[in-house]
Amino acid sequence: MRLRRLQLGLWVAAIAAMIIFAGTKWATQGEGVAETSPAFTPVFTLADEEGRIRTSAEFRGKFLLVFFGFTNCPDVCPTTLSDVAQVMDDLGADAEKVQPLFVSIDPERDRRLGLAAYTAAFHPAILGLAGTEAETQAAANSFKIFYGRENDAAAPDGYSMAHSPGLFLIGPDGEWLRQFTYGTPAADILSDLQSRF
Amino acid sequence: MKHFLLAAALILSAPAVMACETVTIGDLTIEHAWSKATIGAGRPGVFYVEITNAGSVDDALIGIATPAAGMPMLHETVVQDGIASMPHAMSIPVPAGQNVQLSPGGYHGMLMGLTTALKEGDSFPVTLSFEKAGEVTVNVDVLSLRAEGPDCADAGQ
């Protein structure tokens, strides 16, 4: 009799767990990738400008402003990195709470052209990362963003890159907080950050 | 020789550097031509400008040429379904009575094969080819890498 009671209890617990699991799964699917999407923690392992391996875990404690781009990009990338540079300048003493990252989606060419000189030209705080193709794809998947190579005979080296042009904000605990869409004024990014300190 | 010619072009155009030059051809007014400093000559430069068509006939910008770059082309930044790409623009419409801007995030000239790195404070000539109005040359001011718009007193940005 006592055994049956225990069995019954286990069955109830198991069914309850299934219902909760199904419920959360259903909720996750329903919301898509909007700004209200459930919390997730993007991860990456990529080499920096000096070839040292950097991982998402080592930046815990700081807000991350992450941009995926390529240095041969004449319009979108410089515009966004200029905004990031402006934000870092305007943060003043709070700048140490924020680490801006430029993740190359064209790592081989960017390493050849020089990543450090590129990021430094915008702001010394911006850290450039360029991994292998596989590491870059893994990072993009983890951030749920798209990039792809587009063959274009008229472009330098015969190709250009299409990519998600947003700027992504990651919290000190590694959790995805939001996206700033392309063209968000630096002042808006700044005030959003300041509201979180 | 190519470098000498470019240097000569830069020096000759130097007095116009601060001019935020405005040129006209037919009914078209071309102004606020600017570019951004580049990091070395290995990456493309960019060219932005504003064109006003005061006439009653549609025109179109069909090409650009400059001694500063071996392969200048017109492009358009397109953000569709959250993805930015940069297709080649065969021509940029300049409709009658309208003002068209080549500006960050939209149409722009992509200057590939730079002869030399573009430095803030430099200026270089760009010749614009219009379908109907023909060719006209404007001096382009090179601004800081972080510039967001033309640095002219009358620029509406």
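The following paragraphs examine the structure supplied in this document.

Basis of the calculations
Residues numbered from 1 in each chain as written. Chains lettered and ligands numbered in written order. Predicted model: local features only at pLDDT ≥ 70, side-chain atom pairs only at ≥ 80, totals over all residues. Heavy atoms only, no water. Helix = DSSP H or I, 4+ residues; strand = E, 2+ residues; numbered from the N terminus. Buried < 20%, exposed > 50% of the residue type's maximum accessible area, 1.4 Å probe, protein only. Contact = heavy atoms within 4.5 Å. Areas by Shrake-Rupley, 256 points an atom, 1.4 Å probe, with all protein chains shown as cover. Phe/Tyr/Trp six-rings, centres within 6.5 Å; stacked < 30°, edge-to-face > 60°. Lys NZ or Arg CZ within 6 Å of the ring centre and 35° of its normal. Core = buried A, V, L, I, M, F, W, Y, C linked by side-chain atoms within 4.5 Å. Disulfide = S-S within 2.5 Å. Salt bridge = Lys/Arg side-chain N within 4 Å of Asp/Glu carboxyl O. Arc of directions from axis to C-beta. Pairing = 2+ DSSP bridges. Axes fitted to C-alpha atoms, helices over the stretch in contact; angles between N-to-C directions.

1. Thoughts on the overall build of chain A
Then comes step 1: A tally of helices and strands in chain A yields 6 helices and 9 strands.
Then comes step 2: Looking at chain A as a whole, 47% of its 197 residues qualify as buried.
Then comes step 3: Across chain A, every contact between residues at least 6 apart in sequence was considered, and the portion connecting residues at least 24 apart equals 69%.
Then comes step 4: For chain A, the accessible area works out to roughly 9800 Å², and carbon and sulfur atoms hold 58% of it.

2. Quick look at the packing of aromatic side chains
All names here are of chain A.
Then comes step 1: Applying the stated criterion to the full structure yields 12 aromatic pairs over all chains.
Then comes step 2: A centroid spacing of 6.1 Å and a plane angle of 35° characterise the contact between F44 and F59, whose relative ring orientation is tilted. Taken together, the positions of F44 in the loop between helix 1 (2-31) and strand 1 (45-47) and F59 in the loop between strand 2 (53-55) and strand 3 (63-69) put the pair 15 residues apart, joining distant regions of the chain.
Then comes step 3: Look at F59 and you get buried, because its relative accessible area is 8%.
Then comes step 4: Among the aromatic residues, ring-to-ring pairing joins F40, F44, F59, F68, F143, F168 and W176 into one connected group.
Then comes step 5: Above the face of the F197 ring, K97 is positioned so that its terminal group lies 4.7 Å from the ring centre.
Then comes step 6: Over the ring of Y159 we find R149; its NZ or CZ atom is 3.6 Å from the centre of that ring.

3. Details of the nonpolar core
Then comes step 1: Residues F44(A), L65(A), V66(A), F68(A), F143(A) and L193(A) are the most contacted members of the largest nonpolar core, which totals 50 residues.
Then comes step 2: For this core, the leading source of residues is helix 2 (residues 76-91) of chain A, giving 7 residues.
Then comes step 3: Those residues in contact with F68(A) that sit more than four places away from it in its chain are V103(A), I105(A), A139(A), A140(A), F143(A), I145(A), H163(A), S164(A) and F168(A).
Then comes step 4: Formed by 30 residues, the second largest nonpolar core is a distinct cluster that contains I25(B), I51(B), I92(B) and F124(B).

4. Looking at the state of the cysteines
Simply put, the disulfide is a covalent bond whose two ends are the sulfur atoms of two cysteines.
Residues and elements named next belong to chain B.
Then comes step 1: Enumeration according to the criterion identifies 2 disulfides over all chains in this entry.
Then comes step 2: The side chain of C20 participates in a disulfide bridge whose partner is C152; the two sulfur atoms lie 2.1 Å from each other. Across the S-S bond linking C20 and C152, the dihedral sits near -95°, which makes this disulfide left-handed. Placement of C20 in the loop between helix 1 (2-13) and strand 1 (23-25) and of C152 in the segment after strand 12 (134-143) is noted, with a sequence separation of 132 residues between them.

5. Structural notes on the pattern of salt bridges
All names here are of chain A.
Then comes step 1: Per the stated rule, a full pass over the model turns up 11 salt bridges over all chains.
Then comes step 2: One salt bridge in this structure joins D106 and R109, with 2.7 Å as the shortest N-O distance. Of the two residues, D106 and R109, both sit in the buried class.
Then comes step 3: D192 is the salt-bridge partner of R178, the closest N and O atoms lying 3.0 Å from each other. One end of the pair, R178, is in strand 9 (residues 176-180); the other, D192, is in helix 6 (residues 186-194), with 14 residues separating them in the sequence.
Then comes step 4: What makes R178 partly exposed here is its relative accessible area of 21%.
Then comes step 5: The class of D192 is buried, set by a relative accessible area of 12%.

6. Some points on helix 6 of chain A
Residues and elements named next belong to chain A.
Then comes step 1: Buried within helix 6 we find A186, I189, L190, D192 and L193. The arc that holds the buried residues of helix 6, viewed along the axis, is 165°, so those residues lie on one side.
Then comes step 2: Check the buried side of helix 6 and you find it contacts strand 3, helix 2, strand 4 (98-104), strand 8 (167-170) and strand 9.

7. A look at helix 5 (residues 133-143) of chain A
Then comes step 1: Those residues of helix 5 of chain A lying buried are T136(A), A139(A), A140(A), S142(A) and F143(A). On an axial view of helix 5 of chain A, the arc spanned by its buried residues comes to 160°, and they lie on one face.

8. Here we look at the sheet that holds strand 8 of chain A
Residues and elements named next belong to chain A.
Then comes step 1: Pairing within the open sheet is mixed, and its 5 strands lie in the order 5-4-3-8-9. Two strands bound the open sheet, and with one partner strand each, they are strand 5 (127-129) and strand 9. Within this sheet the neighbouring strands show an average axis-to-axis angle of 25°, counted without direction.
Then comes step 2: Bridging between strand 3 and strand 8 involves 4 bridges; their strand directions are antiparallel. Residue pairing for strand 8: L65 is matched across the bridge by L169.
Then comes step 3: Contacts between helix 2 and the sheet are confined to strand 3, strand 4 and strand 8, with strand 3 contributing the most and set at about 165° to the helix.

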